[in-house]
Amino acid sequence: MNNEHFGVAAEGPSRWVRRRADGDVEKCVRILAEVHQRDGYPVNWPHRPDGWLSEASLMGAWVAELDGRLVGHVSLSRSGDGDLAPGLWSERSGTSKDLTAVVSRLFVAPQARGHGVGALLIGQAVEEARRRRLHPVLDVVASDTAAAALYERLGWERMATIEQRWSPSQSVAIHCYAAAS
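Residues numbered from 1 in each chain as written. Predicted model: local features only at pLDDT ≥ 70, side-chain atom pairs only at ≥ 80, totals over all residues. Heavy atoms only, no water.

Novice: Would you mind going over the pattern of salt bridges with me for this structure?
Specialist: A side chain with one charge may pair with a side chain of the opposite charge, provided their charged atoms come close. Applying the stated criterion to the full structure yields twelve salt bridges. Across the salt bridge formed by D39 and R113, the nearest N and O atoms sit 2.6 Å from each other. Here D39 is found in helix 1 (residues 25-39), whereas its partner R113 is found in the loop between strand 5 (100-108) and helix 4 (117-131), with 74 residues between them in sequence. Between E152 and R158 there is a salt bridge whose closest N-O contact spans 2.9 Å. For R158, a relative accessible area of 38% gives the class partly exposed. (Salt bridge = Lys/Arg side-chain N within 4 Å of Asp/Glu carboxyl O. Helix = DSSP H or I, 4+ residues; strand = E, 2+ residues; numbered from the N terminus. Buried < 20%, exposed > 50% of the residue type's maximum accessible area, 1.4 Å probe, protein only.)

Structure below.
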């Protein structure tokens, strides 16, 4: 597997983004558990978090390192049944939702925030989507205001907020975003 590093030369801690390796999944699950405990992401803890990170429609996954420690994750996938943003973007652009790629499973360890790690991860996923000639989109729970603020800072456009039923007893407001063209 290609473990090419994508980094930022800057003052302060060294930050790198690289393709996720099989051996990274366990560390990612531990970080995800910290994020879930602190921020409530994901809203519903998956039965198999390692499987949740490695879904079948996965086009790619990357991890971020800060001073040599794994601190973040993002993935890029084909549109799935529960994804709202691909359909909205398709309607707006007059093209097939098959021409979208969904940025998801983005999280950064609480102790690593404030170093631009989230932006680096999103940038890598967007670059891969564009390389494949796909338009990056994403869904985010409306209550995740920090994530929404990050996407908007990076120029993503909120297309809509939609109430989505996740189960008979759970309905959640979802912001749907598309990357700038």
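From this point, things continue past the structure.
Novice: Got a minute to help me understand helix 5 (residues 145-153) in this structure?
Specialist: Three or four residues apart is the spacing at which side chains of an α-helix point the same way, because the helix has 3.6 residues per turn. All buried positions along helix 5 are accounted for by A147, A148, L150 and Y151. For helix 5, the arc enclosing every buried residue in end-on projection is 160°, short of the 170-degree limit, so these residues lie on one face. Residues of helix 5 that are exposed and angled more than 90 degrees away from the buried face: T145, A146 and R153. Against strand 5, helix 4, strand 6 (135-141) and strand 8 (170-178) lie the buried residues of helix 5. (Arc of directions from axis to C-beta. Contact = heavy atoms within 4.5 Å.)

Novice: What am I meant to see in the nonpolar core here?
Specialist: One broad rule of soluble globular proteins: the nonpolar side chains tend to lie buried together. Counting 41 residues, the largest nonpolar core has L76, L121, Y151 and W156 as its most contacted members. Only helix 1, helix 2 (49-53), strand 3 (58-66), strand 4 (69-77), strand 5, helix 4, strand 6 and helix 5 provide two or more residues apiece to this core. By size, the runner-up hydrophobic cluster in this structure holds eleven residues, among which are V102, V137, M159 and A178. (Core = buried A, V, L, I, M, F, W, Y, C linked by side-chain atoms within 4.5 Å.)

Novice: Explain the pairing of strand 8 to me, please; I cannot follow it from the model alone.
Specialist: A regular strand places its side chains on the two faces of the sheet in alternate fashion. Extensive coverage of strand 8 is indicated by the burial of seven of its nine residues. Two elements, strand 6 and strand 8, share five bridges in a ladder whose sense is antiparallel. Each bridged residue has a counterpart across the sheet, and for L138 the counterpart in strand 8 is Y177. Inspection of the sheet shows strand 7 (residues 157-167) paired to strand 8 by nine bridges, in the antiparallel sense. Bridge pairing in strand 8 places R158 opposite Y177. Taking the residues between adjacent antiparallel strands as the criterion, strand 7 and strand 8 are bridged by two residues. (Pairing = 2+ DSSP bridges.)

Novice: Looking at this model, I keep getting lost on the environment of A180. Mind explaining?
Specialist: You can see A180 is positioned in the segment after strand 8. Classification of A180 as partly exposed rests on a relative accessible area of 43%. Taking the C-alpha atoms as reference, A180 lies 9.0 Å from H135; in sequence the two are 45 residues apart. Contacts of A180, omitting those with residues within four sequence positions, involve R130, H135 and G155.

Novice: What's the story with unusual backbone geometry in this structure? I'm lost.
Specialist: With the exception of glycine, the majority of residues adopt a negative phi angle, and the majority of peptide bonds are in the trans configuration. A cis amide bond links Y41 to the next residue, P42, at an omega of -5°. Following the sequence through the fold, P42 ends up in the loop between helix 1 and helix 2. Phi is positive for R105, which is not a glycine, with a value near 55°. R105 sits in the buried class, given a relative accessible area of 16%.

Interpretation note: all reported values are geometric properties and have no functional meaning in isolation.
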